[in-house]
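# Coordinate analysis (summary)
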Amino acid sequence: MKCAFHPLFSEEYQQAQHKFLVAVESMEPNNLVVCGPRSCQWVEGECPGSCSLAILLQTSPYHVDSLLQLSDACRFQEDQEMARDLIERAPYSMKCAFHPLFSLTSGTHRLDYRRPENRSFYLALYKQMSFLEKRGCPCTVLDFCKLILR
């Protein structure tokens, strides 16, 4: 019998998620940029505050949805190294939050994709597979596929 798990988020994480959704729903491009000296209007080495996701990532460095969104922004700016680093942080942060009895590789536990809070995990694994494929690791990509499809 398979046992389905789903994350329970702390109040701080829920606040970070709300800030993320506000930044994305604003549809303001400045809210979705990677904050850096070349990508926004820095004043004396400081961001003026228009880069909401970058600021959110500074206060919540392992917020999964922000990591995924900023990874896409880096990829569009052709900063593949930073994009890969952000993607690698996302599954790690979720793995650290798993219940001690949860084992994704055993086949007896699963994260149901139909639950919205689990989708970020699957999206992070899929994006990590893409980066692994570009690095020439087909066996590892196959293992990730098996993990996702289990």
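As a starting point, this report considers the structure included with it. Small disclaimer: the values here were computed from a predicted structure and weren't measured.

## Here's the deal with the nonpolar core
- Formed by 24 residues in total, the largest nonpolar core has its most connected members in Leu-68, Leu-86, Ala-90 and Phe-121.
- Mapped by element, the contributors of at least two residues to this core are helix 3 (64-76), helix 4 (80-97), helix 5 (116-134) and helix 6 (138-149).
- Broken down by element, this core gets its largest block of residues, seven residues, from helix 5.

## Concerning the pattern of salt bridges
- Overall, the coordinates contain eight salt bridges when judged by the stated rule.
- Two residues, Asp-72 and Arg-75, come together in a salt bridge whose shortest N-O distance is 3.2 Å. Here Asp-72 pairs with Arg-75, and both are found in helix 3, just three residues apart, close to one helical turn.
- As a salt-bridge pair, Asp-72 and Lys-127 come within 2.7 Å of each other at their nearest N and O atoms. Note that Asp-72 is positioned in helix 3 and Lys-127 in helix 5, a separation of 55 residues in sequence.
- You can call Lys-127 buried: its relative accessible area is 15%.
- Several salt bridges converge on common partners, so that one network encompasses Glu-81, Arg-84, Glu-88 and Arg-135.

## Observations concerning the packing of helix 4 against helix 5
- It is at 9 Å that the axes of helix 4 and helix 5 come closest, and there the two elements cross at 140°. As the angle between them shows, helix 4 and helix 5 are arranged oblique. Judged by the twist between their axes, the crossing of helix 4 over helix 5 is left-handed. On helix 5, the residues that touch Gln-80, Ala-83, Arg-84, Ile-87, Glu-88, Ala-90, Pro-91 and Met-94 of helix 4 are Phe-121, Ala-124, Leu-125, Lys-127, Gln-128, Phe-131 and Lys-134.
- When grouped by side-chain class, the residues that make up the contact of helix 4 with helix 5 number nine nonpolar, two polar and four charged.

Calculation notes
Residues numbered from 1 in each chain as written. Predicted model: local features only at pLDDT ≥ 70, side-chain atom pairs only at ≥ 80, totals over all residues. Heavy atoms only, no water. Core = buried A, V, L, I, M, F, W, Y, C linked by side-chain atoms within 4.5 Å. Buried < 20%, exposed > 50% of the residue type's maximum accessible area, 1.4 Å probe, protein only. Helix = DSSP H or I, 4+ residues; strand = E, 2+ residues; numbered from the N terminus. Salt bridge = Lys/Arg side-chain N within 4 Å of Asp/Glu carboxyl O. Axes fitted to C-alpha atoms, helices over the stretch in contact; angles between N-to-C directions. Parallel < 35°, antiparallel > 145°, perpendicular 65-115°, else oblique. Left-handed = near helix turned anticlockwise from the far one by under 90°. Contact = heavy atoms within 4.5 Å. Nonpolar A, V, L, I, M, F, W, Y, C, P; charged D, E, K, R; others polar.

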